[in-house]
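# Examining the three-dimensional arrangement
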Amino acid sequence: MTQGLCILGSTGSIGQNCLRVVDGLPGRFQVIALAAGKNLETLAAQVVKYHPEIAVVSQRDLEEALRTRLRSLGYTKQLRITSGVEAQVEASTHPKVDFVVSASHGITGLVATCEAIRAGKRLGLANKETLVAAGELVMRAAAEQGTEVLPIDSEHCAVHQCLRSGQWREVKRVVLTGSGGPFLETPGERFDTITPEQALKHPVWRMGGRITIDSATLMNKGLEIIEAHWLFDVAPEQIELVIHPESVVHSMVEFIDGSVMAQMAVPDMRIPIQYALTYPERLAVSGDALGLNLLSVRQLNFRPPDTQRFPCLDLAREALRQGGLMPCVLNAADEIAVEAFLDRRLKFSLIPCLIEEVMRQMPSRGTLQSLGDVLEADREARRRALEVIPVISA
């Protein structure tokens, strides 16, 4: 049976790979809604190819620009073009939508993702910020609605697959892996001179700007620890991280009998995306061969993370320990820090310093009560982070 699909963040790397998976499974999905930011060229091409019923852009003044671009392409099919958060909610809760892929940038799609859960839609989650900022609220809503939240990022998809080997009460620990990023062997005293161009050269994955810088600081792994806590209901002390430069083992689960299940695959996002879209089935991935040849890999290396050179890991664990709004504060401060680094207003070495200072200024306030609390904390943390940049840069 054909499933209706909504993609929040359709023009990003996850969104585009999701549509590649759709292309490889003809007749299985119908694209009902596409939501993007400002990349009108890519969005218009997607509309022409997939004929959605609704297309969402980030702001009102882009609506007419998209219409103009579609007219120039000769597109005449009926299409609702709209913008903003309410439009994202309309897209994610559309009656014809069965599955929502949440892959939008930052907390942009948080409200639409939560409303999709409340509407009983199956959810494929590729957006880390949703669970980092509001994991307590999101997973509570999913439990109340009986809605599946299927992880799309490679590490948590790997954990999800490993957990199919046993029951929750049998889990001893979850082991996330990370490549270590481009500066795995770089001495800490050279971090002051790291440039955005160097930081954007990830050794394995091709991703967006923020997630690539987060991989370089290892904040990406810190955010994944917070995600894993909410996704799999495991205690923070049960979640470990190992550096694995080959990026062949995407995560592992150790059970209480000493057995360790590891999910291995080539580093290609089509694999976790298709796993989520077709779960609990497994289907062949069409197109390029995605099989793993261990003879060509030959050697797998693992080492503990260096938290002295990469303090963002400890900051993320501290945010999880404090709970409440602190993970949201961590995430917002990190996003501003990364933007400042990419704009050359902040040294790479000062990214964790900025985050730590904003966390110090905004102590945790206990249990989350509403999305409004999260959005307000996000705005306040960003405001404070912008104020801190010139102070610590001086």
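All figures in this text were calculated on a predicted structure; none of them were measured in a lab.

## Comments concerning the packing of aromatic side chains
Counted under the stated rule, the structure contains six aromatic pairs. A centroid spacing of 6.4 Å and a plane angle of 55 degrees characterise the contact between Phe-183 and Phe-191, whose relative ring orientation is tilted. Phe-191 matches Phe-183 in its accessibility class, with the two residues each being buried. Seen in terms of ring centroids, Phe-191 and Phe-348 are 5.5 Å apart; in terms of plane orientation they differ by 80 degrees. Their pairing is edge-to-face. You can see Phe-191 sitting in the loop between β8 (171–178) and α8 (196–199) and its partner Phe-348 sitting in the loop between α14 (326–342) and α15 (351–361), a full 157 residues away along the chain. When sorted by exposure, Phe-191 lands in the same class as Phe-348, which is buried. Among the aromatic residues, ring-to-ring pairing joins Phe-183, Phe-191, Phe-310, Phe-341 and Phe-348 into one connected group.

## Points about the side chain of Asn-331
Looking at the secondary structure, you find Asn-331 in helix α14. Residue classification places Asn-331 among the buried residues on the basis of a relative accessible area of 0%. Apart from residues no more than four positions distant in its own chain, Asn-331 is found in contact with Ile-107, Glu-129, Val-132, Arg-210 and Leu-223.

## Looking at the nonpolar core
Of all hydrophobic cores here, the largest spans 92 residues; its most connected members are Leu-330, Ile-355, Val-358 and Val-374. No other element matches the eleven residues that α14 contributes to this core. Not counting residues within four places of it along the chain, the set of residues in contact with Leu-330 comprises Met-219, Leu-223, Ile-226, Leu-315, Ala-316, Ala-319, Ile-355 and Met-359. Of all hydrophobic cores here, the second largest spans 38 residues; its members include Leu-19, Val-22, Ala-44 and Leu-79.

## Section: the sheet that holds strand β9 (residues 239–243)
Spatially, β9-β8-β10-β11 is the arrangement adopted by the four strands of the open sheet, whose pairing is mixed. Each of the sheet's edge strands pairs with one partner strand only, and the pair in question is β9 and β11 (260–264). On average, each strand axis in the sheet is inclined to that of its neighbour by 20 degrees, with strand direction left out of account. Of the strand pairs in this sheet, β8 and strand β10 (residues 249–255) are connected by five bridges, and their pairing is antiparallel. Pairing of Val-174 across the sheet is with Val-253, part of β10. Each of β8, β10 and β11 is contacted by helix α7 (residues 154–163), which is oriented at about 35 degrees to β10, the strand it contacts most. Along the sheet face, helix α10 (residues 219–232) touches β8 and β9 and points at about 150 degrees away from the line of β8.

## Remarks on the pattern of salt bridges
Evaluated as defined, the whole model comprises 35 salt bridges. Two residues, Lys-128 and Asp-153, come together in a salt bridge whose shortest N-O distance is 3.7 Å. With a gap of 25 residues between them, Lys-128 in helix α6 (residues 128–145) and Asp-153 in the loop between β7 (149–151) and α7 connect regions that are remote in the sequence. The pair Lys-128 / Asp-153 is uniform in exposure class, with both members buried.

## Some remarks on empty space enclosed by the protein
Applying the stated criterion across every chain, the model contains one cavity of 30 Å³ or more. Empty space within the largest cavity amounts to approximately 60 Å³. Residue lining of the largest cavity: eleven residues in total, with Ser-154, His-250, Gln-263, Ile-271 and Pro-272 positioned closest to the centre. Sorting the residues of the lining of the largest cavity by element identifies α7 and α11 (270–278) as the ones contributing at least two each. Here the lining of the largest cavity gets three residues from one element, more than from any other, and that element is α7. Classifying every residue of the lining of the largest cavity gives six nonpolar, four polar and one charged.

## Thoughts on the environment of Ile-194
Mapped onto the fold, Ile-194 is located in the loop between β8 and α8. For the pair Ile-194 and Lys-347, spaced 153 residues apart in the sequence, the C-alpha separation amounts to 7.6 Å. Apart from the residues within four sequence positions on either side, Ile-194 is in contact with Phe-183, Ala-199, Phe-341 and Phe-348.

## A closer look at the sheet that holds strand β3 (residues 54–57)
Taken together, seven strands build an open sheet; the order of strands is β4-β3-β2-β1-β5-β6-β7 and the sheet is parallel. Two strands in the sheet have a free side with no partner beyond their single neighbour: β4 (80–83) and β7. Within this sheet the neighbouring strands show an average axis-to-axis angle of 25 degrees, counted without direction. Note: strand β6 (residues 122–125) against β7, three bridges, orientation parallel. Each residue of the ladder has a partner; that of Leu-125, found in β7, is Pro-151. Each of β1 (3–8), β2 (29–35) and β5 (99–102) touches helix α1 (residues 13–24); the most contacted strand, β1, lies at about 160 degrees to it. On the sheet, helix α5 (residues 110–118) packs against β1, β5, β6 and β7 and is oriented at approximately 150 degrees with respect to β6.

## Focus on unusual backbone geometry
Omega for the peptide link from Tyr-279 to Pro-280 comes to 10 degrees, which places this bond in the cis form. Topologically, Pro-280 is positioned in the loop between α11 and α12 (294–297). Notably, Leu-218 is not glycine yet its phi reads approximately 70 degrees, a positive angle. With respect to the secondary-structure elements, Leu-218 resides in the loop between α9 (209–217) and α10. Here Leu-218 falls in the buried class, since its relative accessible area comes to 3%. At Arg-298, a residue that is not glycine, the phi angle is positive and equals roughly 70 degrees.

How each quantity is defined
- Residues numbered from 1 in each chain as written.
- Predicted model: local features only at pLDDT ≥ 70, side-chain atom pairs only at ≥ 80, totals over all residues.
- Heavy atoms only, no water.
- Phe/Tyr/Trp six-rings, centres within 6.5 Å; stacked < 30°, edge-to-face > 60°.
- Buried < 20%, exposed > 50% of the residue type's maximum accessible area, 1.4 Å probe, protein only.
- Helix = DSSP H or I, 4+ residues; strand = E, 2+ residues; numbered from the N terminus.
- Contact = heavy atoms within 4.5 Å.
- Core = buried A, V, L, I, M, F, W, Y, C linked by side-chain atoms within 4.5 Å.
- Pairing = 2+ DSSP bridges.
- Axes fitted to C-alpha atoms, helices over the stretch in contact; angles between N-to-C directions.
- Salt bridge = Lys/Arg side-chain N within 4 Å of Asp/Glu carboxyl O.
- 1 Å grid on protein atoms, 1.4 Å probe; cavity = no way out; pocket = protein on both sides within 12 Å on 5 of 7 lines; lining within 4 Å.
- Points joined across faces, edges and corners; volume = space filled by probe spheres on them.
- Nonpolar A, V, L, I, M, F, W, Y, C, P; charged D, E, K, R; others polar.

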